[in-house]
Amino acid sequence: MTATIDSELGMTEVELNPLCVPVERLARVPEPATGYVSRTNALGLNRSDFDVLDYAHRHAYNVLIEGPTGLGKTSAVIAWAARNGKPFYAISSNVAIDPSQLFGKFVPAGLGGFRWQDGPLTDVVRYGGVLLINEINFLPERISTVLFSLLDARREITLLDHDGEVIAAHPDLLIIGDLNPDYEGTRPLNKALRNRFAIQMVWGYDDAIEGQLIRGTSLHELAGLLRRAQRDGDVDAPVSTGMLVEFERIATGLGLDAAVANLLNHFPTDEERKAVAVVVEAMADNLATDYAPKGA
Ligand SMILES: Nc1ncnc2c1ncn2[C@@H]1O[C@H](COP(=O)(O)OP(=O)(O)OP(=O)(O)O)[C@@H](O)[C@H]1O
Ligand SMILES: [Mg+2]
């Protein structure tokens, strides 16, 4: 239920709760994602990430995105929500999460009374928007089983702590879960949960995207060498798109030495740092050319 009110910004559409009181939404429309580079082969060839999310949104299909850390899963969802003006909320899953952190709880409301306050998941289900469930494989069973009815054809949640209130999902709702692949030591995703995602995309680090985000050809080569070292088992941690973007920013802002030191610090063991340092050393001249201080 919405109403149009006269606010400082002119006429604004606001959500109303069932008692017709304007609602302070937890989910917010993200700022436009100006630097986002869309993935062109998100599902098979020639289907962009936005094409797939548009389609899923139209048909109320849930979407699962699987891929290693720092390749743009969260960025893609935020960029889509921003482009379409949809309120967005991301939930971080962990095994110790309390249901009230997602569904809501009773809070003191003066004069010794209490009132119900929706949690972020309830907010998006009730009023619509984009719900991203990060690392969905880490959701404890006591929560994922409550989500089963939201993720299948019923599209509803039951708030056990709120007198069993049943909320039919808002028609303008897109639910996305993401997870890292098994080889990163994560928990496998429960089959019943996985089957509730009609659309499942598996993404890898993408040369075309990195080609647009990063100017230094030496950094592309370095990434290729470090990824090969990871495949060969010399280093455990993957070099992510995010790390490359950071490297270039730091090289430009604080200098190449700082960027290299920062890169090495991303690898947790001395052994890995040494292996990475050897690869960086082999590229040192080219990196110095690409990231020479301005005016040098
Ligand atoms: N397509 C892209 N366009 C612009 N920036 C990107 C893109 N992909 C990755 N990045 C950069 O990489 C960083 C990490 O991306 P993001 O947080 O979206 O990765 P992720 O896949 O969600 O990682 P995680 O699994 O660790 O949550 C971003 O902050 C951004 O700088
Ligand atoms: Mg993420």
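Residues numbered from 1 in each chain as written. Chains lettered and ligands numbered in written order. Predicted model: local features only at pLDDT ≥ 70, side-chain atom pairs only at ≥ 80, totals over all residues. Heavy atoms only, no water.

Chemist: Go over the overall build of the protein chain, please, and point to the residues and values.
Modeler: The helix and strand inventory of the protein chain stands at 12 helices and 11 strands. In terms of its C-alpha atoms, the protein chain occupies a principal-axis envelope of roughly 65 × 45 × 45 Å. Going through the 296 residues of the protein chain one by one, you find that 45% of them count as buried. Considering only residue pairs separated by 6 or more positions, the protein chain has 67% of its internal contacts joining residues 24 or more positions apart. Total accessible area computed for the protein chain in this model is approximately 15,600 Å², and 53% of it derives from carbon and sulfur atoms. Put simply, the protein chain has 26 plus and 40 minus side-chain charges, and the middle of one group is 3 Å from the middle of the other. (Helix = DSSP H or I, 4+ residues; strand = E, 2+ residues; numbered from the N terminus. Buried < 20%, exposed > 50% of the residue type's maximum accessible area, 1.4 Å probe, protein only. Contact = heavy atoms within 4.5 Å. Areas by Shrake-Rupley, 256 points an atom, 1.4 Å probe, with all protein chains shown as cover. Lys, Arg positive; Asp, Glu negative; His and termini not counted. Charge placed at Lys NZ, Arg CZ, Asp CG, Glu CD.)

Chemist: Describe in detail the environment of Gly 104, supporting the description with residues and values.
Modeler: Relative to the helices and strands, Gly 104 is located in strand S5 (residues 104-108). Taking C-alpha positions, Gly 104 is 17 Å from Asn 94, a pair spaced 10 residues apart along the chain. Apart from the residues lying within four places of it in its own chain, the contact partners of Gly 104 are Pro 99, Trp 116, Gln 117, Asp 118 and Gly 119.

Chemist: Kindly report on the site of ligand 1, identifying the contributing residues and their values.
Modeler: The environment of ligand 1 is formed by 17 residues, the closest being Val 37, Thr 69, Gly 70, Lys 73 and Ser 75. Take Thr 69: an N or O atom from its side chain is 2.6 Å from an oxygen atom of ligand 1. Backbone polar atom of Gly 72 to an oxygen atom of ligand 1: 3.1 Å apart, as the coordinates give it. Protein burial of ligand 1: of its 640 Å² of free accessible surface, 75% is covered by the chains. Elements that contribute at least two residues to the shell around ligand 1 include exactly helix H2 (73-84), helix H7 (207-213) and helix H9 (241-253). The residue inventory of the shell around ligand 1, partitioned by class, reads seven nonpolar, nine polar and one charged. Both domain 1 (23-202) and domain 2 (207-290) contribute no fewer than three residues apiece to the shell around ligand 1. (Near = heavy atom within 4 Å. Polar contact = N/O pair within 3.5 Å; in protein donor to acceptor, adjacent residues only side chain to side chain. Nonpolar A, V, L, I, M, F, W, Y, C, P; charged D, E, K, R; others polar. Domains from an automatic or database assignment.)

Chemist: Could you give me a rundown of the packing of aromatic side chains, with the residues and numbers involved?
Modeler: If you walk through the whole model with that rule in mind, you get four aromatic pairs. Judged by centre distance (5.8 Å) and plane angle (55°), the ring pair of Tyr 55 and Tyr 61 falls under tilted. Judged by its relative accessible area of 37%, Tyr 55 is partly exposed. Between Phe 247 and Tyr 291 the ring centres are 6.0 Å apart and the planes differ by 70°, which places this aromatic pair in the edge-to-face class. Highlighted residues: Phe 247 in helix H9 and Tyr 291 in the segment after helix H12 (284-290), separated in sequence by 44 residues. As far as the burial class goes, Phe 247 and Tyr 291 line up, both buried. (Phe/Tyr/Trp six-rings, centres within 6.5 Å; stacked < 30°, edge-to-face > 60°.)

Chemist: Can you explain the pattern of salt bridges? Please cite residues and give values.
Modeler: The full count for this structure, using the stated rule, is 12 salt bridges. The shortest N-O distance in the salt bridge between Arg 196 and Asp 152 comes to 3.2 Å. With a gap of 44 residues between them, Arg 196 in the loop between helix H6 (191-194) and strand S11 (199-202) and Asp 152 in the loop between helix H5 (141-151) and strand S8 (156-159) connect regions that are remote in the sequence. A residue is classified by how much of its surface remains accessible, and Asp 152, at 19% relative accessible area, is buried. In this structure, Arg 227 engages Glu 210 in a salt bridge whose closest nitrogen and oxygen atoms are separated by 2.9 Å. Highlighted residues: Arg 227 in helix H8 (residues 217-231) and Glu 210 in helix H7, separated in sequence by 17 residues. Owing to a relative accessible area of 13%, Arg 227 belongs among the buried residues under this scheme. The class of Glu 210 is buried, set by a relative accessible area of 2%. Here the residues in one salt-bridge network are Asp 118, Arg 126 and Glu 165, joined through shared partners. (Salt bridge = Lys/Arg side-chain N within 4 Å of Asp/Glu carboxyl O.)

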